[in-house]
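# Reading the structure
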Amino acid sequence: VLYVPACRRFIRAPCRDLRDAAISWCALSLKKGLGRMLEELDLTGAGIHRLSTPRELGEAVGEHDTIKIVKLSSGRALPVGEWRTTDSVQLIQDLNLDELVFAGALLAHTKTVASVRVGTRSTRFIDIAQARTAEEVHANARTMGDAGIRVFAEVVRTNRTVRVLWLASNHLGYVGAAVVADALPALAHTLEILDLNHNPIGDPGMVSIARALPQMLKLQELSLTDCSIGNEGAQALSVALDDKPGELSGTITHLILSQNKIGDTGVAAIAVPLKKMTKLKALDLDNNRIGYDGALALAPALATIRKASLRQLYLYNNELVLAAHFEIKRAWGDVSDGDLYLGEPGGRAYSLPEVAALGSDDQY
């Protein structure tokens, strides 16, 4: 048994806490082979909920062959030995968030486990075998929530081949978005498609995702339909698209921002880097709050990228007046080349050939 004490008398030390140093030493020792016959790791006094290194320790325990029990500060004991002989694991719902990170990192290195369920009432399993190795990871409608995504993210960050990551409809909030953002840099050289559709991440979540995006070197499709993103989130995305480290503006081909709350100031911000997005083929902004001022800001950027690559633009169910239609139409040019859809607020979508055929202003 290895017992890691709380080291409470050092709690005011300049570092976060000397318990972190003790845990780091413990993780390094396990990786170096110390305690080859170790069967139990007791962290009840270490306060893992205060650690800055739960991932490091989880990886070390996952790579260790003989540890059978890990006792956590919450009083729970993880049957690590059983996990090495089973293909399905259920994590107790009341583990704190750092303990979930620890468990996820551990499971990422426990090759026999193929699926995990977080909580006692959850009926949906996270397919971590797929998350660990597949090029296309499908986790749509898994309803993982902010807790489950912590486990999932620790596993998927070990995947060095994943090109497509679908996380739609998982009840992720801004906390879950921050967890995803933390995992993205590990996928910087492989990820091509990121789908976060139908997760209420809001502006705070979009800000977290945006901070990670400039590091993505191959991202081609970013899909954020129905994510409760407003002007603040749109402005954060604009900064990410305009950042130079990964030249994100030069790789994106599909940008999907439909069914959000983006208004004129948000779309005006996005229009700035849009001019440089010479590979963009599709831009979806339908069902937002874009009016005439937004259309006026968007039009010059559309005219620029239209010549290079843009073939699909969706703007229906916004607040576009007739003058806005004309500005977008003028920027688009030849209506027979590509798909451009406009529409009245609350009305059906009209293709531009239909709009041209309508004739009078009243029919608009």
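What this report covers is the structure whose coordinates are included nearby.

Cut-offs and rules
Residues numbered from 1 in each chain as written. Predicted model: local features only at pLDDT ≥ 70, side-chain atom pairs only at ≥ 80, totals over all residues. Heavy atoms only, no water. Buried < 20%, exposed > 50% of the residue type's maximum accessible area, 1.4 Å probe, protein only. Helix = DSSP H or I, 4+ residues; strand = E, 2+ residues; numbered from the N terminus. Contact = heavy atoms within 4.5 Å. Phe/Tyr/Trp six-rings, centres within 6.5 Å; stacked < 30°, edge-to-face > 60°. Lys NZ or Arg CZ within 6 Å of the ring centre and 35° of its normal. Arc of directions from axis to C-beta. Salt bridge = Lys/Arg side-chain N within 4 Å of Asp/Glu carboxyl O. Axes fitted to C-alpha atoms, helices over the stretch in contact; angles between N-to-C directions. Parallel < 35°, antiparallel > 145°, perpendicular 65-115°, else oblique. Nonpolar A, V, L, I, M, F, W, Y, C, P; charged D, E, K, R; others polar.

### Remarks on helix α10 (residues 264-274)
Those residues of α10 that fall on the buried side of the exposure criterion are Gly266, Val267, Ala269, Ile270, Ala271, Pro273 and Leu274. Where α10 is buried, its residues touch α9 (231-242), β13 (282-284) and α11 (292-308).

### Regarding the packing of aromatic side chains
One pass over the structure, following the stated rule, counts two aromatic pairs. When the ring of Tyr314 is compared with that of Tyr316, the centres are 6.5 Å apart and the planes differ by 85 degrees; the resulting orientation is edge-to-face. A centroid spacing of 5.6 Å and a plane angle of 0 degrees characterise the contact between Tyr314 and Tyr341, whose relative ring orientation is stacked. With Tyr314 in strand β14 (residues 312-314) and Tyr341 in strand β15 (residues 339-343), the pair connects residues that are 27 residues apart, well separated along the chain. Pairwise contacts between aromatic rings join Tyr314, Tyr316 and Tyr341 into one cluster. Directly above the aromatic system of Trp332 lies the positively charged group of Arg306, at a separation of 3.8 Å from the ring centroid.

### Digging into helix α12 (residues 322-332)
Listing the buried residues of α12 in full gives Ala324, His325, Ile328, Ala331 and Trp332. The buried residues of α12 occupy an angular sector of 130 degrees when projected down its axis, which confines them to one face. Lining the buried residues of α12 we find α11, β14 and β15. A positive backbone phi angle near 85 degrees is found at Gly333, which sits one or two residues after α12.

### Some points on the side chain of Ser249
Within the fold, Ser249 resides in the loop between α9 and β12 (254-256). With near-sequence residues (within four places) excluded, Ser249 lies in contact with Leu241, Lys276, Met277 and Thr278.

### Observations concerning the pattern of salt bridges
It is possible for side chains of opposite charge to pair when their charged atoms get near one another. Applying the stated rule across the entire model yields 12 salt bridges. Where Arg306 meets Asp337, a salt bridge forms, and the shortest distance between an N and an O atom there is 3.8 Å. Separated by 31 residues along the polypeptide, Arg306 in helix α11 and Asp337 in the loop between α12 and β15 bring together distant segments of the chain. With relative accessibility at 8%, the residue Arg306 sits in the buried group. Asp337 is the partner of Arg311 in a salt bridge, and the nearest nitrogen-oxygen pair spans 3.9 Å. Here the residue Arg311 occupies a position in the loop between α11 and β14, and Asp337 occupies one in the loop between α12 and β15, the gap between them amounting to 26 residues. By relative accessible area, which is 33% here, Arg311 ends up partly exposed.

### Observations concerning the packing of helix α7 (residues 174-183) against helix α8 (residues 202-212)
Contact geometry of α7 with α8 gives a least axis separation of 8 Å together with a crossing angle of 5 degrees. Comparing their axes, α8 and α7 come out roughly parallel. Facing α7, whose interface residues are Tyr174, Ala177, Ala178, Val180 and Ala181, α8 presents Pro204, Gly205, Ser208, Ile209 and Ala212. Here the contact of α7 with α8 is built from residues that sort into eight nonpolar, two polar and no charged.

Coordinates in, geometry out; function isn't part of it.
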